[in-house]
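Each chain is listed here by its residues.
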Amino acid sequence: METPGLVVHGEAAPFSTALRSLLNNPQYSDVCFVVGQERQEVFAHRCLLACRCNFFQRLLGPKLGSGMPSPVVLSTVPAEAFLAVLEFLYTNSVRLHRHSVLEVLTAAIEYGLEELRELCLEFVVKVLDVELVCEALQVAVTFGLGPLQERCIAFIEAHSQEALRTRGFLELSAPALLSLLRSDKLRVDEAELVLAARSWARVGAAVLERPVAEVAAPVVRELRLALLAPAELSALEEQNQREPLIPVRTRGTKLRSAQQRGGKARGWGWGARPRVCRVSEYCRTAVTGLPLQVEQIVEAWKCHALRRGDAARGAPCRRRRGTLPREHHCFLDLPFK
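All residue numbers here refer to positions counted from 1 along the written sequence of the relevant chain. Whole-chain, interface and lining totals are the exception, using all residues; otherwise, since this is a predicted model, local features are given only for residues with pLDDT of at least 70 and side-chain atom pairs are given and counted only at 80 or more. The side-chain figures draw on all heavy atoms in the structure; neither hydrogens nor water molecules are used.

### Overview of the overall build of the protein chain
Helix and strand definitions here come from DSSP, where helices need a minimum of 4 consecutive H or I residues and strands a minimum of 2 consecutive E residues; each element is numbered from the N-terminal end. Within the protein chain, the regular secondary structure consists of 18 helices and 5 strands. Burial classes follow relative accessibility: with a 1.4 Å probe on protein chains only, a residue under 20% of its type's maximum area counts as buried, one over 50% as exposed, and anything between as partly exposed. The burial tally for the protein chain puts 45% of its 337 residues in the buried class. By definition, residues are in contact when any of their heavy atoms lie within 4.5 Å. Summarising the internal contacts of the protein chain: among those between residues at least 6 apart in sequence, 69% fall at separations of at least 24. Surface accessibility follows the Shrake-Rupley procedure with a 1.4 Å probe radius. Residue values consider only the protein chains on display as shielding. Total accessible area on the protein chain is roughly 18,000 Å²; 55% of this is exposed by carbon and sulfur atoms.

### Considering the pattern of salt bridges
When a carboxyl oxygen of Asp or Glu is within 4 Å of a side-chain nitrogen of Lys or Arg, the pair counts as a salt bridge. Enumeration according to the criterion identifies 15 salt bridges in this entry. Here Arg198 and Glu243 are joined by a salt bridge, their closest N and O atoms 3.2 Å apart. One end of the pair, Arg198, is in helix H12 (residues 190-208); the other, Glu243, is in the loop between helix H14 (230-242) and strand S4 (248-249), with 45 residues separating them in the sequence. The shortest N-O distance in the salt bridge between Arg221 and Glu299 comes to 3.3 Å. Taken together, the positions of Arg221 in the loop between helix H13 (212-220) and H14 and Glu299 in helix H17 (residues 296-306) put the pair 78 residues apart, joining distant regions of the chain. You can call Arg221 partly exposed: its relative accessible area is 33%.

### Focus: the packing of aromatic side chains
Note on aromatic pairs: each is described by the distance of the centres and the angle between the planes. A pair of Phe, Tyr and Trp rings is counted when the ring centres sit within 6.5 Å of each other, with Trp represented by its six-membered ring. The angle between the planes then sorts it: under 30 degrees is stacked, over 60 is edge-to-face, the rest tilted. Evaluated as defined, the whole model comprises 6 aromatic pairs. A ring pair is formed by Phe33 and Phe56, whose centres lie 5.9 Å apart and whose planes are at 75 degrees; its orientation type is edge-to-face. Highlighted residues: Phe33 in strand S1 (residues 31-35) and Phe56 in helix H3 (residues 54-59), separated in sequence by 23 residues. In this structure Phe56 comes out as buried when scored by relative accessible area, which is 0%. Consider the rings of Phe56 and Phe82, whose centres lie 6.2 Å apart with planes at 65 degrees: the pair is edge-to-face. You can see Phe56 sitting in helix H3 and its partner Phe82 sitting in helix H4 (residues 79-91), a full 26 residues away along the chain. Phe82 matches Phe56 in its accessibility class, with the two residues each being buried. An aromatic cluster of three or more residues is present, and its members are Phe33, Phe55, Phe56, Phe82 and Tyr111. Here Arg52 stacks its cationic end above the ring of Phe88, 5.3 Å away from the centre of that ring. In this scheme, Lys NZ or Arg CZ marks a charge over a ring once it lies within 6 Å of the ring centre and within 35 degrees of the ring normal.

### Focus: the environment of Leu225
As for its placement among the helices and strands, Leu225 is situated in the loop between H13 and H14. Each C-alpha atom of the pair Leu225 and Trp301 lies 8.8 Å from the other, and the pair is 76 residues apart in sequence. Other than its neighbours up to four places away in sequence, Leu225 contacts Val194, Leu233, Leu236, Ile246, Gln296, Ile297, Ala300 and Pro316.

### Re the nonpolar core
Among the nonpolar cores identified, the biggest contains 89 residues, and Phe33, Phe82, Tyr111 and Leu225 are the most heavily contacted of them. Top element by residues in this core is H4. It accounts for 9 residues. In these notes, a set of buried Ala, Val, Leu, Ile, Met, Phe, Trp, Tyr and Cys residues joined through side-chain atoms within 4.5 Å is what counts as a nonpolar core.

### Section: the confidence of the model for the protein chain
On a scale of 0 to 100, pLDDT captures the predictor's confidence in every residue. Put simply, the protein chain has an average pLDDT of 83, and 80% of its residues get 70 or more. Below a pLDDT of 50 lies the segment residues 250-294, which in the model reaches 73 contacts outside its immediate sequence neighbourhood of four places, other chains included.

### Topic: unusual backbone geometry
Notably, Asn92 is not glycine yet its phi reads approximately 60 degrees, a positive angle. Considering the arrangement of structural elements, one finds Asn92 in the loop between H4 and helix H5 (101-110). Of note, the phi angle at Glu209 is positive, near 55 degrees, even though the residue is not glycine. Tracing the backbone through its elements, the reader meets Glu209 in the loop between H12 and H13. For Glu209, a relative accessible area of 74% corresponds to the exposed category.

### Considerations on the pairing of strand S2 (residues 40-44)
Two elements, S1 and S2, share 5 bridges in a ladder whose sense is antiparallel. Residue pairing for S2: Cys32 is matched across the bridge by Phe43. By definition, two strands form a pair when at least two bridges between them are found by DSSP. In this structure, the hairpin formed by S1 and S2 is closed by a connection of 4 residues, where Gly36 is found at a positive phi of approximately 75 degrees.

### A short note on the side chain of His45
Considering the arrangement of structural elements, one finds His45 in the loop between S2 and helix H2 (46-52). Since its relative accessible area comes to 9%, His45 is described here as buried. If we ignore the near neighbours within four places in the chain, the residues touching His45 are Leu22, Asn25, Gln27, Tyr28, Ser29, Asp30, Val31 and Tyr90.

### A few points about the side chain of Asp189
By the element assignment, Asp189 lies in the loop between helix H11 (174-181) and H12. Taking relative accessible area as the criterion, Asp189 reaches 4% and is therefore assigned buried. Of note is the side chain of Asp189, whose polar atom sits 2.6 Å from the side chain of Arg326. Side-chain atoms alone can form a polar contact between residues adjacent in sequence; in general such a contact is a pair of N or O atoms within 3.5 Å, and within protein one must be able to donate a hydrogen while the other accepts it.

### Structural notes on helix H6 (residues 114-127)
Here the expected span of a helix is defined as 1.5 Å times the quantity of residues minus one. Over its 14 residues, H6 runs 20 Å from end to end, which matches the ideal 20 Å to within 8%, given 1.5 Å per residue. Along H6, the residues that are buried comprise Leu116, Cys120, Leu121 and Val124. For H6, the angular spread of the buried residues around the axis is 140 degrees, confining them to a single face. The arc under discussion is defined with respect to the helix axis, by the directions toward the C-beta atoms.

### Structural notes on a negative patch on the surface
Together, Glu80, Glu103, Glu131 and Glu135 make up a region of like negative charge exposed at the surface. Look at Glu131 and you get partly exposed, because its relative accessible area is 48%. Candidate patch residues must exceed 30% relative accessible area and have no salt bridge, after which like charges are joined if within 9 Å and Val, Leu, Ile, Met, Phe, Trp or Tyr side chains if within 5 Å. The positive count covers Lys and Arg only, the negative count covers Asp and Glu only, and His and the chain ends enter neither. The atoms used to mark charge sites are NZ of Lys, CZ of Arg, CG of Asp and CD of Glu.

Right, here's the structure in full:
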């Protein structure tokens, strides 16, 4: 009986080098891609792509026929990222760069290349910095990459002020920004977060051609306005009238400030605001059973007026790691009775 043969291996480096020489080489290629917004031509070999990747196996199936088919247009993937994908398929290795790794990662996920995806994720974690972190967070949220999302949020928590000034922050989606605003560990004061949220909403409003308040609506509920001092709340309220950021949704009775009713402000002990007008109307509405106005700013004034943090809501009165101390904060830890 014949014994099984022994598998022996030659050197891997010359083999990899030979295959790399075929990368984007029109010689012997049988498929051409037109890639990215720049419409760059990229040449490849159908049999190699099909045996390495199910996505290309389906894309380059028998329907293309024999010979050089018409160019296959892939307009959503940048040329540099696509060439990196081909390099991995041809050689099982890839040279990654900080400026393009997220695009390669996106392509790897869309093409179902698990090994390349893991290589990209490892690289992203190694090169993560202030300029990259918000873009990486967006990719993590978009594709449900939980561990990467956690790493990005932890990085932003440690470098909050710097990250909030980046272009990547302004381009975050609402779900990605929500994941940040829910964190207690951000090293930034709430007043700065309000300014950052307004800048983010302005950019989104310009891109989407929608009102700022409409764009901001999904995320501003995570702003902890009760942490602001009375003077800061007053300034925010006035600015909100000029350029709405905090949505004002009325159900039945509409609460009005003392200025709108012509009333006089009374002292609060740590700031001059009309305690009676806001709290009395809030209580009157609650007692009479009339519908309450659901307004975030009013809720913040209520915490000031009653000198209590709302234990039922919790987060709106909970300080973050970067919250600057204010005189009224000592009252926010007291629950309602």
